[in-house]
Amino acid sequence: MGIVRNLEYAEAQARVRARIGAMPGESQWRRMAEAGDLDQLIARMRAGGLAGWVSALPRCPDTITIEQHLAQRLQMLIAFTVRLLPARWRRLQEWLWRGWELFRAQLQTDLSKTGDQAPPRASRLLRLEPATRRRELRDADGREPPRSAWDRWLREFEPLCPRLTGRERYVVRRIQRIVHRHLRRIAALREQAARSEPVDADVQWRLRRELADELRSLLGRDPFHAGVILIYAVLELMQYERCRALLIARSRQWSMADPVVGGA
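This structure is a prediction, so every number in the text was calculated from the model and none was measured.

This brings us to the overall build of the protein. Secondary structure assignment for the protein yields eleven helices and zero strands. A burial count over the protein gives 48% of its 264 residues as buried. Sequence-distant contacts, at least 24 apart, represent 66% of the contacts inside the protein between residues at least 6 apart. Counting only carbon and sulfur atoms, one obtains 51% of the accessible surface of the protein, whose full area is about 13,800 Å².

See the structure below:
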């Protein structure tokens, strides 16, 4: 059984661990944040382990170009993760694509709020049952998916997992608890800000760093399980978020403290 499991995950683990190992460290992120302009920032990202996110960006891209390019790369990341998961994780593969649909709806709403030219087709997703999702996408009107849709999507994770045993089950459940705790903390910050209470500008990035550290702590011991693939996906999502924060800040020429130093 152990040999079968090793063969099932060996190639995926090698690729995932190589990608995790190439992720930039804190000093590299700081050097990127100190770039003098947008083109220099992109050049430093390409050289600093983020070429997969920014390699095809043109010179001096505007905000819409950045958003669309990063969204395309995020879609490629999901496709890569889906391919890595074994066949018995089929329902989780579908779950990841539902998350992409929710994100796409959110992105269309965010782009429409910039005042720039938004993509021609906006979509929304109010429920996640397949039939309802298809109907909502067909009847799309550009409204933002409600918070409840994201919450429901996250709750579906564990029930859709295949039957797990041993280390794999432990790690997958730990991932879920860690991520849910992190999201509760972020939600509390948002509620605090909504009440006009002071919020430390760096606290969200500190929480992101703690999330990354907790997930990385689960990478040891038996390496042959899908939990490592899921950890990789979350770490890449945080890289997407951090890349976006820096690139948008530079493209908008915002005069502000670095939004990513101290992040995950």
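Moving on: unusual backbone geometry. One non-glycine residue, Cys-60, lies in positive phi territory at about 50 degrees. Looking at where Cys-60 falls in the secondary structure, it is placed in the loop between α3 (38-54) and α4 (63-84). Here Cys-60 falls in the exposed class, since its relative accessible area comes to 56%.

The next point concerns the side chain of Thr-81. Summarising the element assignment, Thr-81 is placed in helix α4. Given the relative accessible area of 2%, Thr-81 is considered buried. Apart from residues no more than four positions distant in its own chain, Thr-81 is found in contact with Leu-96, Ile-229, Tyr-232 and Ala-233.

Okay, the nonpolar core next. Counting residues in each nonpolar core, the largest one holds 67 residues, and the members touching the most others are Met-45, Trp-53, Trp-89 and Leu-247. A per-element tally of this core places helix α11 (residues 226-251) first, with 14 residues.

Its 29 residues place the ends of helix α9 (residues 166-194) 43 Å apart at the C-alpha level, agreeing with the 42 Å of an ideal helix rising 1.5 Å per residue. Once α9 finishes, Ser-196 follows within two positions and takes phi at roughly 65 degrees, a positive value.

Here we take up the packing of aromatic side chains. Evaluation of the coordinates by the stated rule reveals six aromatic pairs. The interplanar angle of 35 degrees and the centroid separation of 5.6 Å between the aromatic rings of Trp-100 and Phe-103 together place this pair among those described as tilted. Taken together, the residues span about one helical turn, with Trp-100 and Phe-103 both in helix α5 (residues 90-112) at a distance of three residues. As far as burial versus exposure is concerned, Trp-100 and Phe-103 are alike and both buried. Three or more aromatic residues joined by ring pairs make a cluster, and in this case those are Trp-53, Trp-100, Phe-103 and Tyr-240. Positioned over the ring face of Phe-80 is Arg-19, at 3.8 Å from the centre of the ring.

What follows covers the environment of Leu-84. Looking at where Leu-84 falls in the secondary structure, it is placed in helix α4. Judged by relative accessible area, which is 10%, Leu-84 ranks as buried. A sequence separation of 69 residues divides Leu-84 from Arg-15, and the C-alpha atoms of the two residues are 9.1 Å apart. Excluding anything up to four places from it in sequence, Leu-84 contacts Ala-12, Val-16 and Ile-229.

In this section: the packing of helix α2 (residues 26-33) against α11. Where α2 contacts α11, the two axes come as close as 11 Å, and the packing angle between them is 20 degrees. On the basis of the axis angle, α2 is roughly parallel to α11. Like other packed secondary-structure pairs, α2 and α11 cross with a definite hand, here right-handed. Contact with α2, carried on its side by Glu-26, Trp-29, Met-32 and Ala-33, involves Gln-239, Arg-242, Cys-243, Leu-246 and Arg-250 of α11 and no other residues of that element. Here the residues of the contact of α2 with α11 sort into five nonpolar, one polar and three charged.

Okay, α11 next. The end-to-end C-alpha separation of α11 is 37 Å, in line with the 38 Å expected for 26 residues at 1.5 Å each. Looking one or two residues past α11, Gln-253 carries a phi angle of roughly 55 degrees, positive in sign.

Definitions and limits used
- Residues numbered from 1 in each chain as written.
- Predicted model: local features only at pLDDT ≥ 70, side-chain atom pairs only at ≥ 80, totals over all residues.
- Heavy atoms only, no water.
- Helix = DSSP H or I, 4+ residues; strand = E, 2+ residues; numbered from the N terminus.
- Buried < 20%, exposed > 50% of the residue type's maximum accessible area, 1.4 Å probe, protein only.
- Contact = heavy atoms within 4.5 Å.
- Areas by Shrake-Rupley, 256 points an atom, 1.4 Å probe, with all protein chains shown as cover.
- Core = buried A, V, L, I, M, F, W, Y, C linked by side-chain atoms within 4.5 Å.
- Expected span 1.5 Å × (residues − 1).
- Phe/Tyr/Trp six-rings, centres within 6.5 Å; stacked < 30°, edge-to-face > 60°.
- Lys NZ or Arg CZ within 6 Å of the ring centre and 35° of its normal.
- Axes fitted to C-alpha atoms, helices over the stretch in contact; angles between N-to-C directions.
- Parallel < 35°, antiparallel > 145°, perpendicular 65-115°, else oblique.
- Left-handed = near helix turned anticlockwise from the far one by under 90°.
- Nonpolar A, V, L, I, M, F, W, Y, C, P; charged D, E, K, R; others polar.

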